[in-house]
Amino acid sequence: MTSTRSSFPDTLVVPAKPYEFSFPPKRTALLVIDMQRDFLLEGGFGQVEGGSLEAVQASIAPTKQLLDAFRQAGMTIFHTREGQKPDLSDCPSSKLIRPLGGPGDSQYSKVIGDTGEMGRLLVRGQYGHDFVDELKPRPNEIIIDKPGKGAFWNTSLLNKLKAKAITHLIVTGVTTECCFATTIREANDRGFECCGVEEATAGYNSKFKGCSLDMIHWSQGLFGFVANLEPVLNCLAPHISAPLASRGTTPPQTPPVFNGDLSITALQRSYREGVSPVTVLEAVLGRMEKYSKIDPAVWIHQVSKPQVLERIREVQNKWSDQSCLPPLFGVPFSVKDSIDVAGIPTTTACPSLAHVPSKSAPSYDLLLLQGAIFVGKTNLDQLATGLTGCRSPYGITRSVFNHDYISGGSSSGSCVSVGADLVSFSLATDTAGSGRVPSAFNGVVGYKPTRGLISARGVTPACLSLDCIAIIANSVHDARTIWDLIAEFDEEDPYAKGCGPIPRHINSIGPQATSFTFGIPPPEAIQVCNTVYRRMFTEAVQALQKLGGRLQPINWTPFENAGKLLYDGSFVSERLASLPDGWLEKNSANLHPVIRSIFSAVMARNSTAVDAYRDLQAKASYTRQAEKVFEYSAAGVDVVVVPTAPTHWTVEEVLDNPIATNSLLGEFTHCGNVLDLCAVAVPAGTYQAEEYRPTADAAEGELPFSVTFLGGSRLDAEVLVIADRFESAMKDRR
């Protein structure tokens, strides 16, 4: 199929009860409830319950029609699947025992976990637990395994919907009176607008179906809407293209041409239209070779062309059906050389500390599972220590906008590889702003998720308690896509986050759907920025207000003080703790001169355990104060917006004064990791270099400006929505 989401209008309308259901296609998902063999086929749990299989089986064909329409439209699709763990540890006793407890009951001969004709009833991994063949999910569709009747209880559904910025749900599945209705009620409590499709749901008792649907739309849509199948299909039909199967099997006389666009959405469209990943990757390798003449310091290791072609053959063999491709099929990416890729040296830009890992970082492996193509490891400030990009034995990377200006660091090569359009995205790291500052200086998006949402295993530590995987991309949408695919709890990562805080509702309709609150640093804090940055930050604030943002005063003190803790206190000693015992004494002479001087200064401080504990106590205090800034109330703000960096140095300026220039760049980034915030740096326009340096030699051409959206811990999805809206507004101004 060919995705046509970009051709949709902002809103579609379908006749429904109690009145027309309006939905934004780009923020609407199809939610298919429990279309499993255990509920739909003979010998399953549904038959044990004494239900009418004929009734529920009648919902398969209508659900298939909706699935086909959503697939052809390139819209988001979720499938739920009810079942218990094999040891039944997640099954409440009431669910397990009550069916057998009725006086004189003879209906239930088996209960959950007993062996039936298709394996153990409603147990994960059994044949009966899986979906019926007609409705098998495709690789780019999300499966939610749920232990109960509602799809939100004890599952990742809410987080996954938020991660994809979904606000509206069209719901199908079985059974109407149970899991279908329960899920719609749960979704309603969380703020989603829901519409059930009458023909695509059914229950075991025909009397209950009508009543259940009536209860959903009663009282002006108490829980949601109910529509018929045909109007929904008719509503989508004008905006979708025919499936590939209907276009015939004769190859086109002229092969599709690759348009050069490496964005994930564009590549998905190109591959579904028949563009070969060989064509795309040959173009990528050509770009990499050409750009190496402009900036030879981007890469530490490049994958050879034969190896790239072998990887392409691997993904083509695994996913030969163009209509069933995973989200990252054929998408080229780079990796910062502090992240392990099996069999390739991890240098961290420090040859004397290099090692060859036998296992890749989990974040890297998850990308390969989605069909991505790895093309190389990128340069960085040595030991991931620095924000300039000028501290590597492999050379100094330069801003893609102007060769005289720094690229920023420490994820320098990652951000240049994306900014120069050599790859679709890069896997990087961020400890003090290393993913955000270089993104700002290369006009790309740098996203630091909440610490622990993406596994940090396989990353050479800079400060182990603060290190985060960062995602570098050309758009917030692409960064969100990567995060959604690799954010997975890793029980072997000691800093991984499991259970989340109390979730926040979404606003799907009305003025609340587009309004938000934000805070900014006080004027005296912004004074550290150069004059051009101050002007452009003011323009960014005005743009946010035009989008519906309401500026509220905030307490900036915890952000400012937490930022100072990182290098003015004892926390910097963790960089030494990350090194092997005795390594620094033996290898000091092999370090980059600036790194050597930094580490020597840290050792000279002679920080004590008392110092460390006092700083930890201060960190806890500042974190609690920052939580109040983002609290779930009218007094809290949704985001805090800051300039990503205060200025943009030339390479010459940094080489002349490497410590002071680097220190200033972290003015608005250092607090993010200390306070356990999420943060996304977004391009916010360009300016003429001569505006800031009218007489300097490096005063020609454009330079980028960027702002960063800071959000509370695990509020990533909410922050990304606002950042995405801001990014779109900036693009509209061009």
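Residues numbered from 1 in each chain as written. Predicted model: local features only at pLDDT ≥ 70, side-chain atom pairs only at ≥ 80, totals over all residues. Heavy atoms only, no water.

## A few points about the nonpolar core
Phase 1: Counting residues in each nonpolar core, the largest one holds 133 residues, and the members touching the most others are F559, F709 and F726.
Phase 2: Ranked by size, the runner-up nonpolar core spans 46 residues in total, among them A69, L121, I170 and A227. (Core = buried A, V, L, I, M, F, W, Y, C linked by side-chain atoms within 4.5 Å. Buried < 20%, exposed > 50% of the residue type's maximum accessible area, 1.4 Å probe, protein only.)

## Some words on the pairing of strand β16 (residues 468–473)
Phase 1: Of all 6 residues that make up β16, 6 are buried, and the element is covered over most of its length.
Phase 2: As judged from the 6 bridges shared by strand β14 (residues 425–430) and β16, these two strands associate in the antiparallel manner. Directly across from F425, in β16, lies its bridge partner A473.
Phase 3: Looking at chain direction, strand β15 (residues 445–448) and β16 are connected through 3 bridges and run antiparallel. Residue pairing for β16: V445 is matched across the bridge by A473. (Helix = DSSP H or I, 4+ residues; strand = E, 2+ residues; numbered from the N terminus. Pairing = 2+ DSSP bridges.)

## Looking at the packing of aromatic side chains
Phase 1: Taken as a whole and judged by the stated rule, the model has 17 aromatic pairs.
Phase 2: Put simply, the rings of Y19, F21, F23 and F225 pair up and form one aromatic cluster.
Phase 3: Directly above the ring of Y127 sits R37, whose terminal nitrogen or CZ lies 3.8 Å from the centroid. (Phe/Tyr/Trp six-rings, centres within 6.5 Å; stacked < 30°, edge-to-face > 60°. Lys NZ or Arg CZ within 6 Å of the ring centre and 35° of its normal.)

## As for helix α25 (residues 658–665)
Phase 1: Here α25 has its buried residues at T661, N662 and L665. The buried residues of α25 occupy one face: seen down the axis, they fall within an arc of 95°.
Phase 2: Against the buried residues of α25 lie α15 (437–441) and α24 (651–656). (Arc of directions from axis to C-beta. Contact = heavy atoms within 4.5 Å.)

## A word on the sheet that holds β15
Phase 1: The 11 strands lie next to each other as β11-β13-β12-β14-β16-β15-β20-β21-β19-β17-β18, forming an open sheet whose pairing is mixed. Each edge of the open sheet is held by one strand with a lone partner, namely β11 (299–302) and β18 (549–551). Across this sheet, the average inter-strand angle for adjacent strands is 30°, counted without regard to direction.
Phase 2: Packing of helix α16 (residues 476–486) onto the sheet brings it into contact with β14, β15, β16 and β20 (678–688), and relative to β16 it is tilted by some 140°. (Axes fitted to C-alpha atoms, helices over the stretch in contact; angles between N-to-C directions.)

## Quick notes on the side chain of N442
Phase 1: Mapped onto the fold, N442 is located in the loop between α15 and β15.
Phase 2: Separated by 3.0 Å, the side chain of N442 and the backbone nitrogen of V400 make a polar contact.
Phase 3: Those residues within four positions of N442 in sequence are excluded, and the remaining contacts are R398, S399, V400, F401, S407, C415, V416, G419 and P704. (Polar contact = N/O pair within 3.5 Å; in protein donor to acceptor, adjacent residues only side chain to side chain.)

## Quick word on the pattern of salt bridges
Phase 1: Enumeration over the complete set of coordinates arrives at 28 salt bridges.
Phase 2: Ionic pairing is found between E282 and K305, a salt bridge with its closest N-O pair at 3.8 Å. With E282 in helix α11 (residues 277–291) and K305 in helix α12 (residues 305–318), this pair connects stretches of sequence that are 23 residues apart.
Phase 3: Residue classification places E282 among the partly exposed residues on the basis of a relative accessible area of 39%.
Phase 4: Where R311 meets E314, a salt bridge forms, and the shortest distance between an N and an O atom there is 2.8 Å. (Salt bridge = Lys/Arg side-chain N within 4 Å of Asp/Glu carboxyl O.)

## Brief notes about the environment of T347
Phase 1: Here T347 lies in the loop between β12 (332–336) and α13 (362–369).
Phase 2: On the basis of relative accessible area, T347 is assigned to the buried category, the value being 8%.
Phase 3: For the pair T347 and I300, spaced 47 residues apart in sequence, the C-alpha to C-alpha distance is 8.5 Å.
Phase 4: Side chain to side chain, T347 and D337 meet in a polar contact 2.5 Å long.

## A closer look at helix α23 (residues 609–629)
Phase 1: Between its first and last C-alpha atoms α23 spans 30 Å; for 21 residues at 1.5 Å apiece the expected length is 30 Å, and the two agree.
Phase 2: Among the residues making up α23, those that are buried are D615, A618, Y622, T623, A626 and V629. Each buried residue of α23 sits inside an arc of 145° when the element is viewed along its axis, so together they form one side. In α23, those exposed residues whose orientation departs by more than 90 degrees from the buried face are A609, Y613, R614, Q617, R624 and K628.
Phase 3: Buried residues belonging to α23 abut α19 (557–568), β19 (639–643) and α26 (670–674). (Expected span 1.5 Å × (residues − 1).)

## Quick look at the sheet that holds strand β9 (residues 193–202)
Phase 1: Judged by pairing direction, the sheet is parallel, and its 6 strands sit side by side in the order β7-β4-β3-β8-β9-β10 without closing on themselves. Since the sheet does not close on itself, it has two edges, and those belong to β7 (142–146) and β10 (225–227), each with one partner. When the angles between neighbouring strand axes are averaged without regard to direction, this sheet yields 25°.
Phase 2: Alignment of strand β8 (residues 168–174) against β9, held across 6 bridges, turns out to be parallel. Bridge assignment links V171 to a residue of β9, and that residue is G196.
Phase 3: Relative to the sheet, helix α7 (residues 176–189) contacts β3 (28–33), β4 (76–82), β7, β8 and β9, its axis offset from that of β8 by approximately 165°.

## Here we look at the packing of α13 against α16
Phase 1: Here α13 crosses α16 at 105°, and the two axes come no closer than 9 Å. By the criterion of interaxial angle, the relationship of α13 to α16 is roughly perpendicular. Touching S363, L366 and L367 of α13 are I482, L485 and I486, all from α16.
Phase 2: Tallied by class, the residues present in the contact of α13 with α16 amount to 5 nonpolar, 1 polar and no charged. (Parallel < 35°, antiparallel > 145°, perpendicular 65-115°, else oblique. Nonpolar A, V, L, I, M, F, W, Y, C, P; charged D, E, K, R; others polar.)

## A look at a negative patch on the surface
Phase 1: Taken together, the side chains of D404, E652, D656, E690 and E700 define an acidic patch exposed on the protein surface.
Phase 2: With respect to the element layout, D656 can be found in helix α24.
Phase 3: Looking at D656, the relative accessible area reads 61%, which means it is exposed. (Patch = residues over 30% accessible without salt bridge, like charges linked within 9 Å, V, L, I, M, F, W, Y side chains within 5 Å. Areas by Shrake-Rupley, 256 points an atom, 1.4 Å probe, with all protein chains shown as cover. Lys, Arg positive; Asp, Glu negative; His and termini not counted. Charge placed at Lys NZ, Arg CZ, Asp CG, Glu CD.)

## Quick notes on the packing of α11 against α12
Phase 1: Across the interface, α11 lies against α12 with an axial gap of 10 Å and an inter-helix angle of 155°. Here α11 lies roughly antiparallel to α12, going by the angle between them. Pair α11 / α12 crosses with right-handed handedness. Every residue of α12 that contacts α11 at P277, V278, L281, E282 and L285 is listed here: K305, V308, L309, I312 and Q316.
Phase 2: Here the contact of α11 with α12 is built from residues that sort into 7 nonpolar, 1 polar and 2 charged. (Left-handed = near helix turned anticlockwise from the far one by under 90°.)

## Quick notes on unusual backbone geometry
Phase 1: Following V174, the chain continues to T175 via a peptide bond in cis, the omega torsion being -15°.
Phase 2: Secondary-structure assignment places T175 in the loop between β8 and α7.
Phase 3: The peptide bond linking G409 to S410 adopts the cis configuration, its omega dihedral lying at 5°.
Phase 4: You can see S410 is positioned in the loop between β13 (373–378) and α14 (412–419).
Phase 5: The backbone phi angle of L122 is positive, close to 50°, even though this residue is not glycine.
Phase 6: You can see L122 is positioned in the loop between β6 (119–120) and β7.
Phase 7: With phi around 60°, Q220 is a residue other than glycine that occupies positive phi space.
Phase 8: If you trace the backbone, Q220 turns up in helix α8 (residues 206–221).

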